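Structural features, examined
Each chain, letter by letter, is given below.
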Amino acid sequence: MAKADAQAGRSSDRQRLISGENVRRILQTQGILIAFILFLVAFSLSSDRFASFDNVSTVFRQVSIIGTIALGVTIVVIGGNLDLSVGSLLSFTTVLVVDLHDKIGPTGAILVMFAAALAVGAVNGLLVGFARLNSLIVTLGMLSAIQGVTLIYTGGQNVDIVDQEGTWFTFFGRDFLLGIAVPTWIFLVLAVALHIVLTRTTFGRRVFAVGGNPTASAFSGVRRARVVFSTYLISAAATGCAALILGSRVMGSQNNVGQGYELLVLAGVILGGTSLLGGSGSIPKTVIGVLILGFIQNGLLLMGYPYYAQWLVTWVVIILAVWLDVASKRGRLFTTTS
Amino acid sequence: MTPVAHHTQSELDDLKAKAPLLVLDGVTKTFPGVKALDDVSFEVRHGEVHALLGENGAGKSTLMKVLAGNHQAERGQVHLEGEAIRVANPLEAKKRGIVLIHQELSLVPEMTVAENIFLGSLPTTALGIVNWRTLFDRAGRILDQLGCRFAASDKVDRLSIANRQMVEIARALVFTPKVVVFDEPTASLTDAEKVVLFDIIERLKEQDVGIVYISHRMDEIFRLSDRITVLRDGQVSGTLKTAETTEDEVTRLMIGRSLEGRPAAAPGAIGEVALELKGLSCGDLFRDVSFSLRRGEVVGMYGLIGAGRTEIAETIFGLRTPDAGEIRVHGEVVQIASPPDAIRHGIALAPESRKEQGLVLGMSCRDNMSLAQLEGVSATGWLDRGAEQAIYDEYAERLALKSPSWRTPVVNLSGGNQQKVVLGKWLSTRPEILIVDEPTRGIDVGSKSEIHALIRRLAASGIAVLVISSEMPEVLGVSDRILALYHGRLAAEFDAASVTEDALVQAISGM
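Residues numbered from 1 in each chain as written. Chains lettered and ligands numbered in written order. Predicted model: local features only at pLDDT ≥ 70, side-chain atom pairs only at ≥ 80, totals over all residues. Heavy atoms only, no water.

1. Some remarks on the overall build of chain A
The condition is simple: Secondary structure elements are defined from DSSP: runs of H or I of at least 4 residues count as helices, runs of E of at least 2 residues count as strands, and each element is numbered from the N terminus. By definition in these notes, contact holds between two residues if any of their heavy atoms fall within 4.5 Å.
Regarding its fold elements, chain A presents 14 helices and four strands. Pairs at least 24 residues apart make up 77% of the contacts formed inside chain A by residues separated by at least 6 positions.

Dropping the structure here:
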């Protein structure tokens with residue numbers, strides 16, 4: 001068996017790019033991308049406005065907040081853990097940056113906000129990485145803890161920026177560069193940066209190794225705790241970037257603005273095809289996953305459905321995506337012994 | 001349980017002579033690009049132990065999966081007691097009396113033994129509630145029949161591996177089996193536990209059950225089996241009567257050639273001391289262990305499971321902290337607090353469990369190989385893919401790794417090739433001290449001798465090698481010196497050329 005494989009592999013490795021084997025591999029690994037393209041085509045045919053530049057750039061801007069957070073969470077998930085604290089961390093950091101803006105100025109507000117985000121990420125990372133606690137419990141606890149901290153901080157009041165005209169803070173949420181919204185830039189630039197980190201650095205390789213098999217990684221001299229710790233810092237920093245977009249766009253914040261975001265973010269990550277078991281996945285996958293979420297919402301609105309129809313459709317799409325992924329590995333839709 | 005109770009012995013003999021219990025006739029199964037089984041015919045008679053042998057990838061597991069209903073053959077027929085059957089899924093196979101006892105245990109550790117035995121068919125009362133009394137009674141009876149010394153109400157997670165295997169067998173007996181397939185049943189058993197297992201196999205034989213016994217261990221096969229069928233590249237290369245054949249003949253059928261004898265050490269190649277342990281202790285695991293390892297030397301460490309062998313290796317490699325004693329590398333006392341420290345001192349450990357400790361199974365061969373020295377291939381934190389590829393190319397070549405390509409996930413390789421990836425990973429760190437823990441566990445004979453020859457070559461190139469093994473032929477065959485461990489202490493040290501098997505056995509059992 002191995003011999004036949006070896007021969008087939010060697011000859012097809014570089015020379016025969018369009019062999020049957022490669023086509024199958026592409027279908028298997030890029031299934032979600034193909035689904036995405038079919039999806040776009042279907043929507044474009046049913047609505048004239050759908051494929052317009054304005055509409056597409058609106059969708060990108062709309063998904064930029066969830067997308068930015070999802071990039072960080074993707075790295076945590078590839079490392080074999082979950083981060084459910086991002087939703088309430090988004091609330092907290094947005095409240096913080098908006099509130100401090102008028103008190104200590106935009107630069108100071110941004111610095112303090114990122115410091116606070118990283119502190120939260122560090123606590124998550126210490127508990128999951130070094131203390132080896134279950135990440136679901138740690139970050140679920142952190143979710144409610146930060147909610148509490150946010151309410152204590154605001155005393156239950158909403159916060160806003162008084163002088164909305166005289167500050168450069170509007171840049172992150174409202175401005176355009178080269179015709180593209182700054183939130184979209186933040187999302188895409190961070191995506192490229194984190195993609196490079198994951199695929200081109202030793203740290204990225206270690207994240208995959210630790211997520212794939214923590215024990216074997218330890219036996220290979222990979223310091224698991226440090227790697228996990230770093231993934232939580234990245235996730236928290238990405239959430240900080242999202243807070244920057246959100247705070248700047250609204251120039252104010254409710255103290256529960258990020259509620260439920262953790263699940264939307266996770267939906268995007270899963271939809272893209274990053275495995276919750278850890279050890280596999282990628283940033284481009286998450287970008288596509290998040291865009292699918294965004295385009296579903298947008299497409300349904302354009303077709304005249306109420307906005308809440310998207311929840312049902314999103315669920316169906318996620319189940320289909322996960323199911324097709326499992327079925328293609330298993331070779332059949334259902335198990336034999338059910 | 002005893003389907004033959006109504007027959008006299010002579011009637012029974014007639015029956016056996018007439019129709020074999022299970023017959024596979026011309027079974028063919030192909031996977032995309034590979035003919036896994038090619039016209040395989042195979043039979044098991046009543047009360048017979050039929051050993052099935054073959055290298056990894058020869059088709060043994062596929063054959064078993066066809067029998068157990070996990071795969072469907074596209075050609076050929078299966079007859080059970082003269083009747084042609086088609087098995088669509090594992091449950092149906094069990095109902096027909098064909099049970100497979102898996103290599104990997106599939107028990108629920110938090111449940112009791114009884115619940116595990118009847119999992120999926122728990123006896124219930126009229127209301128659909130579990131009838132605990134019946135459950136424990138029936139489970140207890142099966143355990144008695146097997147001669148088990150634990151209770152049906154014990155939790156599985158408190159049982160030893162061997163006893164868990166017993167539960168697995170008990171589970172098979174619920175279905176009144178006609179054919180029981182054992183897949184590498186002794187891989188994780190101690191010698192004493194093996195005796196119990198062999199006893200049970202004998203008892204099943206007496207009850208006229210047909211047994212298919214898959215193993216890599218020649219001694220077991222020759223001890224237990226009545227006939228041996230050897231598979232090679234998906235075809236039957238021969239069926240032999242055990243009493244009329246030799247290990248050599250079986251090996252030839254399996255790999256198509258004879259194995260070379262003991263690879264000889266290059267004389268005079270042994271140099272200065274590379275690693276020295278002085279009074280190393282770690283809790284209850286091992287006490288006051290002192291020995292040295294020289295360049296160019298292979299030292300075997302032999303002992304029962306639980307004697308502290310693996311724990312000593314893990315301590316040297318920085319995975320455990322000793323509470324007393326010192327480790328010297330090239331004469332200098334070193335502090336090894338973590339695997340990266342060990343790697344920096346030129347120590348490498350190919351661990352006991354390939355899949356759990358040795359490899360990231362979903363990762364490619366190349367990425368696994370470079371994992372232990374990411375700093376080595378990239379001082380700046382950026383991956384150097386050229387350097388990684390060079391490592392893969394070099395060690396895939398040197399170790400004769402059979403893999404479709406560098407990007408193949410290691411999970412798709414056979415056991416022997418997986419072990420080569422582990423070895424490649426460590427050799428590419430250019431270690432001066434190499435520890436290999438059970439280097440050939442679960443590996444077929446052909447790859448085994450390749451790995452033994454490799455260990456000798458590595459020593460000849462000046463590396464100090466410590467081989468931990470629970471297989472006596474391996475320790476005897478590959479080592480220059482042998483350390484015998486008993487209950488966490490170094491019981492004796494032998495020269496491999498002059499030691500007798502008896503002396504070794506006595507040393508590791510504390511006599």
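Following the structure, the description resumes.
2. Some words on the sheet that holds strand S15 (residues 332-334) of chain B
All names here are of chain B. Basically, it comes down to this: The criterion for strand pairing is that DSSP finds at least two bridges linking the strands in question. Angles run from 0 to 180 degrees between N-to-C directions of axes, and those axes are lines fitted to C-alpha atoms, restricted for helices to the stretch in contact.
Sheet architecture is open: four strands sit in the order S12-S11-S14-S15, paired in antiparallel fashion. The open sheet is flanked by strand S12 (286-294) and S15, the only strands paired with a single partner. Neighbour-to-neighbour, the strand axes of the sheet open up by a mean angle of 25 degrees, direction not taken into account. The pairing of strand S11 (residues 273-282) with strand S14 (residues 324-329) spans five bridges and is antiparallel. Opposite Ser-281, over in S14, you have Ala-324 as the bridge partner. With respect to the sheet, helix H10 (residues 309-316) is in contact with S11, S12 and S14, its orientation differing from that of S12 by roughly 65 degrees.

3. Structural notes on the confidence of the model for chain A
Selection rule: pLDDT measures how confident the predictor is about each residue, on a scale from 0 to 100.
Here chain A averages 86 in pLDDT, and 89% of its residues register 70 or above. Taken together, the stretch residues 1-15 of chain A has pLDDT below 50 and engages in 21 contacts with residues farther than four places along the chain or on a different chain.

4. Notes on a nonpolar patch on the surface
All names here are of chain A. For clarity, the threshold we go by: For patch detection, residues must exceed 30% relative accessible area and be free of salt bridges, and they are connected within 9 Å for like charges or within 5 Å for nonpolar side chains (Val, Leu, Ile, Met, Phe, Trp, Tyr). Only the protein chains shown count as cover for residues, with accessible areas throughout obtained via the Shrake-Rupley method and a probe of 1.4 Å. Each reported salt bridge corresponds to a side-chain nitrogen of Lys or Arg within 4 Å of a carboxyl oxygen of Asp or Glu. Here the term buried applies to any residue with accessible area under 20% of the maximum for its type, exposed to any over 50%, and partly exposed to those in between, with areas from a 1.4 Å probe on protein chains only.
On the surface, a nonpolar cluster with roughly 820 Å² of combined accessible area is contributed by Leu-312, Trp-315, Val-316, Ile-319, Leu-320, Trp-323, Leu-333 and Phe-334. Position of Val-316 relative to the elements: it lies in helix H14 (residues 309-330). By relative accessible area, Val-316 is classed as partly exposed at 35%.

5. Focus: the pairing of strand S4 (residues 75-80) of chain B
Residues and elements named next belong to chain B. Judged from the five bridges that link them, strand S1 (residues 22-31) and S4 form a sheet pairing that is antiparallel. Bridging across to S4, Leu-22 finds its partner in Leu-80. Across three bridges, S4 lies against strand S5 (residues 83-85) in antiparallel orientation. By the bridge assignment, Val-78 is partnered in S5 with Ile-85. As consecutive antiparallel partners, S4 and S5 are separated by two residues, and within that stretch Glu-81 has a phi angle of approximately 50 degrees, a positive value.

6. Quick notes on the interface of chain A and chain B
Under the convention used in this document: Summed over both partners, the accessible area lost on bringing two parts together, with a 1.4 Å probe, is the buried area.
Tallying the contact residues gives 33 residues for chain A and 47 residues for chain B. Buried surface at the junction of chain A and chain B, summed over both partners, amounts to about 3,100 Å²; 58% is from carbon and sulfur atoms. Along the contact surface separating chain A from chain B lie two salt bridges. Measuring nitrogen to oxygen at the nearest pair gives 3.4 Å for the salt bridge that ties Arg-205 of chain A to Asp-367 of chain B.

7. Details of the side chain of Thr-94 of chain A
Residues and elements named next belong to chain A. Filter applied, for reference: Between N or O atoms, a polar contact is any pair within 3.5 Å; within protein, one atom must be a potential hydrogen donor and the other a potential acceptor, and residues adjacent in sequence are included only when both atoms are from side chains.
By the element assignment, Thr-94 lies in helix H5 (residues 86-130). Looking at Thr-94, the relative accessible area reads 0%, which means it is buried. Polar contacts involving the side chain of Thr-94 include one to the main-chain carbonyl oxygen of Leu-90, which spans 2.6 Å. When neighbours within four sequence positions are excluded, Thr-94 is seen to be in contact with Ala-243, Leu-246, Gly-247, Ser-253 and Val-257.

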